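Structural characterization, general
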Amino acid sequence: SVANLVPNGLFEMAQTGTPTPWGVTAVSGVTGAATSIAYDTTAPRWGTASGRVTCPATANTGAWCLVRAPGGFQQGRTYTLWAWVKSTTATPARLRLGVSGDIASSVATALPSGWTEWTVQWTPTGTVPHAYAAAEITTAAATTFNLDGVVLVEGTTKPAAPSQAPSGRGGAPPTGIISPTAAV
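Residues numbered from 1 in each chain as written. Predicted model: local features only at pLDDT ≥ 70, side-chain atom pairs only at ≥ 80, totals over all residues. Heavy atoms only, no water.

**Quick notes on the side chain of T91**
- Mapped onto the elements of the fold, T91 is located in the loop between strand 6 (79–87) and strand 7 (92–99).
- Overall, T91 belongs to the buried group, its relative accessible area being 8%.
- Leave out the neighbours within four places in its chain, and T91 touches T109, A110, L111, I137, T139, A141 and T143. (Helix = DSSP H or I, 4+ residues; strand = E, 2+ residues; numbered from the N terminus. Buried < 20%, exposed > 50% of the residue type's maximum accessible area, 1.4 Å probe, protein only. Contact = heavy atoms within 4.5 Å.)

Shown next as structure tokens:
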């Protein structure tokens, strides 16, 4: 199984306050400060919640998640980020993956009204201990958008379903429950 390197990429942990370990403060060379990120249980793509990102009328602002790979993100290896996005406004936005001075960006595209999967690939020019997975608007327009099913893997093979926890632990909820007291 392919390990998802994004902790809480399904926005299912805790569901109160700010989704951990997501952030909205400015990260130099990655993204500018958004107003907030919060859990949104109204219409998630996966599970019971998504992340609702509120951005000011400032270009290149959004939310990010600090991500780590075992042994760091290795020079010359390819990493792929997928995220489901939606918004009620068609503001141009993009995904970003990497670190300041060595970052990949998807092409800025109008945010869709229904859940749509976006992707970006990054091949580090040097080995780094951590990176940022980010989603940001690229136009100065106050915007709220949702993220869900955020997955980052080494390579280009997408997991069959988003994993809840890093390093291959967790996963989609069970489809049934086996009871030890059930009659046989």
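**Considering the pairing of strand 12 (residues 143–154)**
- Within strand 12, ten of the twelve residues are buried, which leaves it mostly tucked inside the rest of the structure.
- Examined bridge by bridge, strand 4 (residues 50–55) and strand 12 share five bridges and lie antiparallel to one another. Bridge pairing in strand 12 links V53 to F145. (Pairing = 2+ DSSP bridges.)

**Some details on the side chain of T31**
- Take T31: it is sitting in the loop between strand 1 (22–23) and strand 2 (32–33).
- Judged by its relative accessible area of 5%, T31 falls in the buried class.
- Side chain to side chain, T31 and E136 meet in a polar contact 2.6 Å long.
- When sequence neighbours within four positions are dropped, the list of residues in contact with T31 reads A26, N60, T61, G62, W64, A134 and E136. (Polar contact = N/O pair within 3.5 Å; in protein donor to acceptor, adjacent residues only side chain to side chain.)

**Quick look at the packing of aromatic side chains**
- Enumeration over the complete set of coordinates arrives at five aromatic pairs.
- Consider the rings of Y79 and W122, whose centres lie 6.2 Å apart with planes at 40 degrees: the pair is tilted. On the criterion of sequence distance, the pair formed by Y79 in strand 6 and W122 in strand 10 (residues 116–122) is long-range, its members being 43 residues apart.
- Residue W122 is classed as buried on the basis of its relative accessible area of 2%.
- Ring-pair connections join several aromatic residues into one group, and the members of that group are F73, Y79 and W122. (Phe/Tyr/Trp six-rings, centres within 6.5 Å; stacked < 30°, edge-to-face > 60°.)

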